[in-house]
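# Structural description and commentary
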Amino acid sequence: MASSLLSRQLAVCLQHNLRMGAPAGCRYVSKTATKTMVEFEYDAPSMKTEVPGPRSKELAKQLGEIQNVGAVHFFCNYEESRGNYLVDADGNRMLDLYTQISSIPIGYNHPSLMKAMANPNNLSTFVNRPALGILPPENFPDKLIESLLSVAPTGMTRVQTMSCGSCSNENAFKAMFIWYKLKERGMRLPSEEESTSCMINQSPGSPNLSILSFMGAFHGRTMGCLATTHSKVIHKLDVPSFDWPVAPFPRLRYPLEEFARENAQEEDRCLEEVEDLIVKWRQKGKPVAGIVIEPIQAEGGDNHASPDFFLKLRSIARKHGCAFHVDEVQTGCGTTGKFWAHEHWGSDDPADVVSFSKKMLTGGYFYRDELQADKPYRIFNTWMGEPSKNVFLSEVLNVIRREKLLEEVTRSGKALLQGLYELQSQHPHLLSRARGQGTFCAIDLRDENTRNDVIQRTRNKGVLLGGCGDRTIRFRPALVFKEYHAHQFLNIFSDVLRDYK
Ligand SMILES: Cc1ncc(COP(=O)(O)O)c(C=O)c1O
């Protein structure tokens, strides 16, 4: 009885959400931005107020009495948002190229996800959140095979789900440390001294091992992850950290094809430094158990490196007995035109660990068999992920396959990057270093204030953008972002730049 009532409510909600909103108040963009596909979403941005508008400001005041709202941009109306368009609390409808910090895979209120939500067979998965490590549901292995394992990176047959990006990385680091010590200890059981010393955070039980990371990296904000995050002071200030090695990340010149020789030299310099650091930290008594890296540094300013760099780094890790962890929290799930960004490297042995979250909807990490912890509770928490997210992920993967979204991302990404190149050549005093892979694109502004101002002006004209690094705009649309949307954005961005003094 209760369940049929709930399903009726969900069916009503589904009908409501599938109703096409009339595209009232569309502004003219340009003839080249003609919509080519029949979609369930809106046609164009529609702006009623500046953003944040009066309603958002009122809500910020109210929430400000409860918590810190310094980072809140504006309040949203998620019911009215569709596809690539986010609607705010003042009724402004914006083309979203930031997608909740790059975490919406197939747009807002996608009909396939609404359908999964309304399916009575999924109800118990949504209602009951299990402690997965001890009492998983009986369909859990099948659901993992259908969702996560169907996109497992080459060489990886194991996956551990987690809740967010940071806790995925945090636990992946622990898995690398455990793996390193198990290798060292061999068949020997932990000594009495190891068992007692770990309880008071002393070696040898809490060993002086380290993780090597890169300047500009972002791997999260929990204590271990924060020790490998080096993108912004605000994330790190006043928080104690580990003495772990930090290598330079290549600072390349763009377009990459034009500066291949200089860039290769820069990458070699960084790789040499990596090897030096590994040796130095071993001598210091803090051996490097793992190397962690993003395929494209995102939060740190969209910094790219070549496949050759990553393949050489992988070899260095192997040579020195370090695990190699590729953090695909932001680059994963199709946004670069391949399902995983590391697939662009063309390696059949890309990594020992690949972590994910954001567009994958569930956090977690894939890992090679050797990195399986030897005992239960070594990698553990209460929820260890969320099975309902696997249901949604299966639907997302179906949509990606059915609608050939990786090809779509490649196509719209090309249009986006080409447009950025053109704008950069029209506004050389404002724009530089256009770069990208798929729709994972970025461009630099002349300084931080200009970047922030351009983002604000573009938002008031109906396009939502995000920043990264100190003067970069990053483009992170959903996978349903089409060439049509790229042109719509470029027209609006072009207007903003033209008016910019
Ligand atoms: C590459 C990368 N790793 C880890 C994280 C941390 O993820 P979360 O914010 O879900 O903890 C992020 C978040 O932006 C990220 O971009």
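With an unreviewed UniProt entry as reference, the chain is termed 4-aminobutyrate aminotransferase, mitochondrial, source organism Denticeps clupeoides. Under the heading Subunit (unreviewed entry), UniProt records this for the chain: "Homodimer; disulfide-linked." Under Cofactor (unreviewed entry), UniProt gives the following word-for-word description of the chain: "pyridoxal 5'-phosphate".

Lining the immediate environment of the ligand, one finds Cys-164, Gly-165, Ser-166, Asn-169, Phe-218, His-219, Gly-220, Glu-294, Asp-327, Val-329, Gln-330 and Lys-358. The separation between an oxygen atom of the ligand and a polar main-chain atom of Gly-165 is 2.9 Å. In the environment of the ligand, an oxygen atom lies 2.8 Å from a nitrogen or oxygen atom belonging to the side chain of Gln-330. Within the complex, 85% of the 390 Å² of free accessible area of the ligand lies under protein. Broken down by element, the shell around the ligand gets its largest block of residues, three residues, from helix H7 (residues 165–185). Of the residues that constitute the shell around the ligand, the class distribution is three nonpolar, six polar and three charged.

Now for the sheet that holds strand S11 (residues 440–445). Strand order in the open sheet formed by four strands is S10-S11-S14-S13, with antiparallel pairing between adjacent strands. Each having just a single partner strand, strand S10 (431–437) and strand S13 (466–468) make up the two edges of the open sheet. Here the strands of the sheet are splayed against their neighbours by 30 degrees on average, with no regard to which way each runs. Two elements, S11 and strand S14 (residues 472–475), share four bridges in a ladder whose sense is antiparallel. What sits directly across from Cys-441, in S14, is Phe-475.

Note on sheets: strands pair through backbone hydrogen bonds, and any given pair is parallel or antiparallel. Pairing is mixed in the open sheet, where three strands are placed in the order S1-S2-S12. Each end of this open sheet is capped by a strand with a single partner; those strands are strand S1 (85–87) and strand S12 (463–464). By the bridge criterion, two bridges tie strand S2 (residues 93–96) to S12 in an arrangement that is parallel. Bridge pairing links Leu-95 to Val-463 in S12.

Tallied over the full model, the rule gives 29 salt bridges. Among the salt bridges present, the one from Asp-349 reaches Arg-368, with a minimum N-O distance of 3.2 Å. Of this pair, Asp-349 sits in the loop between strand S7 (323–327) and strand S8 (353–356) while Arg-368 is found in the loop between strand S9 (363–367) and helix H13 (387–402), placing the two residues 19 residues apart along the sequence. Between Arg-368 and Asp-352 there is a salt bridge, with the nearest N and O atoms lying 3.7 Å from each other. In this pair, Arg-368 is assigned in the loop between S9 and H13 and Asp-352 in the loop between S7 and S8, connecting sequence segments 16 residues apart. A single network of salt bridges, built from pairs that share partners, joins Arg-314, Arg-318, Asp-349, Asp-352, Arg-368 and Glu-370.

Turning to the nonpolar core, a few remarks are in order. If you look at the biggest cluster of nonpolar residues, it comprises 79 residues, and the most contacted ones within it are Phe-214 and Ile-291. Counting residues in each nonpolar core, the second largest holds 32 residues, with Val-87, Leu-465, Phe-475 and Val-496 among its members.

Attention shifts here to the side chain of Arg-451. Looking at the secondary structure, you find Arg-451 in helix H15 (residues 448–460). Although Arg-451 lies buried, it forms no salt bridge, and the closest oppositely charged side chain, Glu-448, sits 4.0 Å away as judged by the N-O distance. Not counting residues within four places of it along the chain, the set of residues in contact with Arg-451 comprises Leu-445, Gly-467, Cys-468, Gly-469, Asp-470, Arg-471, Thr-472 and Ile-473.

A two-sided burial pattern is seen for S2, the buried positions comprising Arg-93 and Leu-95 on one face and Met-94 and Asp-96 on the other. Summarising the sheet, S1 and S2 pair through three bridges and their orientation is antiparallel. Following the sheet pairing, Val-87 is matched in S2 by Arg-93. As consecutive antiparallel partners, S1 and S2 are separated by five residues, and within that stretch Gly-91 has a phi angle of approximately 85 degrees, a positive value.

Analysis parameters
- Residues numbered from 1 in each chain as written.
- Predicted model: local features only at pLDDT ≥ 70, side-chain atom pairs only at ≥ 80, totals over all residues.
- Heavy atoms only, no water.
- UniProt positions renumbered as here; feature names shortened; annotations may be inferred.
- Near = heavy atom within 4 Å.
- Polar contact = N/O pair within 3.5 Å; in protein donor to acceptor, adjacent residues only side chain to side chain.
- Areas by Shrake-Rupley, 256 points an atom, 1.4 Å probe, with all protein chains shown as cover.
- Helix = DSSP H or I, 4+ residues; strand = E, 2+ residues; numbered from the N terminus.
- Nonpolar A, V, L, I, M, F, W, Y, C, P; charged D, E, K, R; others polar.
- Pairing = 2+ DSSP bridges.
- Axes fitted to C-alpha atoms, helices over the stretch in contact; angles between N-to-C directions.
- Salt bridge = Lys/Arg side-chain N within 4 Å of Asp/Glu carboxyl O.
- Core = buried A, V, L, I, M, F, W, Y, C linked by side-chain atoms within 4.5 Å.
- Buried < 20%, exposed > 50% of the residue type's maximum accessible area, 1.4 Å probe, protein only.
- Lys, Arg positive; Asp, Glu negative; His and termini not counted.
- Contact = heavy atoms within 4.5 Å.

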